[in-house]
Amino acid sequence: NIPPQYFYGTGGGESYGPITEGELVAKLTRGEQAYATLLYTRELGSWIPACSVAHLRHLFRYVSIIENFLAPSEAGALRDYTQAHAGLFAPGRLYDLETRELAVTRERSSLCLTPDQSFIQPFLEKVRSILPRMCAELKIAPFEPGHIDCDITAYNDGHYIKAHVDNYPESIAALTVSGVYYFFDEPRRFSGGELRILSARKGEALAEIEPQNNTLA
């Protein structure tokens, strides 16, 4: 039951701490140089000596992958619903820092549809049921979501979404987890579509997720 002792430094030999695991993860996410003089890991089950941020990053999870998220009948119903409502998709929007509103911008090229609440509710309940597992894998405290936003987004040939922050607007400043559920017709007839998790400070990729059918990331 010995708690982990985390320390961070500037590269010049100075170290500061100890700090909590959450504080260390936040520093890693921001791209700051960090290392632990002694680190106990559940993965290794033992103490390890000082290591660099590059060696530490594999100990922390930036994404939780849930394969085969929906039953085949549920995944089929979602595809059928999407195709039946293809004519209702509209250009995707992002939060504009200048106007402080959601707007169609050059940062995003896609088509979006907000599904009927009655149809999508079973999907959202499944998200709620899997949330404790996701929190454990992401090493964040379990929580009960007050609200879950859900849109269906279509990325066609040449579509994209550039690097962005999900919780800029004050209305969703308390956003804790973002999720992407991949679904598409098989056999797969496209390339690209990877989800990249970036360092907020340096923009370097912390994780990259390949699209897999019926997978929640």
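Residues numbered from 1 in each chain as written. Predicted model: local features only at pLDDT ≥ 70, side-chain atom pairs only at ≥ 80, totals over all residues. Heavy atoms only, no water.

Participant: Honestly, the nonpolar core in this entry has me stumped. Any pointers?
Facilitator: For soluble globular proteins, nonpolar side chains are generally found buried alongside one another. Among the nonpolar cores identified, the biggest contains 17 residues, and Ile66, Phe69, Leu70, Phe123, Ile130, Tyr181 and Leu216 are the most heavily contacted of them. Secondary structure elements with two or more residues in this core: α3 (72–84) and α4 (117–138). When residues of this core are assigned to their parent elements, the largest contribution, six residues, is made by α4. Once you skip the residues sitting within four places of it in the chain, Phe123 turns out to touch Phe69, Leu70 and Tyr181. Among the nonpolar cores identified, the runner-up in size contains five residues, and Val63, Tyr182, Ile209 and Ala217 belong to it. (Core = buried A, V, L, I, M, F, W, Y, C linked by side-chain atoms within 4.5 Å. Buried < 20%, exposed > 50% of the residue type's maximum accessible area, 1.4 Å probe, protein only. Helix = DSSP H or I, 4+ residues; strand = E, 2+ residues; numbered from the N terminus. Contact = heavy atoms within 4.5 Å.)

Participant: What is the right way to read α4 from this model?
Facilitator: In an α-helix there are 3.6 residues to a turn, and that puts residues three or four apart on one side. Ile130 marks where α4 bends most, by close to 45 degrees; the proline Pro132 follows one to four residues later. Where α4 is concerned, the buried positions are Ile120, Phe123, Leu124, Val127, Ile130, Leu131, Met134, Cys135 and Leu138. At its buried positions, α4 is contacted by β5 (66–67), β13 (181–182) and β16 (215–216). Looking one or two places after α4, you find Lys139, whose phi comes out positive at around 60 degrees. (Bend = angle between axes of the 7 residues up to and from the residue.)

Participant: Whenever I open this one, the environment of Gln121 confuses me. Can you help?
Facilitator: If you trace the backbone, Gln121 turns up in helix α4. In this structure Gln121 comes out as partly exposed when scored by relative accessible area, which is 28%. Taking the C-alpha atoms as reference, Gln121 lies 9.8 Å from Cys150; in sequence the two are 29 residues apart. Side chain to side chain, Gln121 and Gln117 meet in a polar contact 2.6 Å long. (Polar contact = N/O pair within 3.5 Å; in protein donor to acceptor, adjacent residues only side chain to side chain.)

Participant: I'm lost on the confidence of the model for the chain in this one. Help?
Facilitator: Should pLDDT be low for a region, the predicted coordinates there are not to be read in detail. Of all residues in the chain, 66% have pLDDT values of 70 or greater, and the mean over the chain is 77. Confidence drops under pLDDT 50 across residues 33–59; counting only partners more than four residues distant or on other chains, this segment forms 68 contacts. (pLDDT = per-residue confidence, 0-100.)

Participant: Help me understand the environment of Pro145, please; the structure alone is not making it clear to me.
Facilitator: Structurally, Pro145 can be placed in the loop between α4 and β11 (152–154). On the basis of relative accessibility, which here comes to 13%, the residue Pro145 falls in the buried class. Between the C-alpha atoms of Pro145 and Arg128, which are 17 residues apart in sequence, the distance is 7.7 Å. When neighbours within four sequence positions are excluded, Pro145 is seen to be in contact with Arg128 and Leu131.

Participant: So what exactly am I meant to see when it comes to the sheet that holds β11 here?
Facilitator: Read across the open sheet, the three strands follow the order β6-β10-β11; overall the sheet is antiparallel. Lying at the two open borders of the sheet, with one neighbouring strand each, are β6 (90–91) and β11. The pairing of strand β10 (residues 111–113) with β11 spans three bridges and is classified as antiparallel. When the sheet's bridge partners are listed, Cys112 is paired in β11 with Thr153. (Pairing = 2+ DSSP bridges.)

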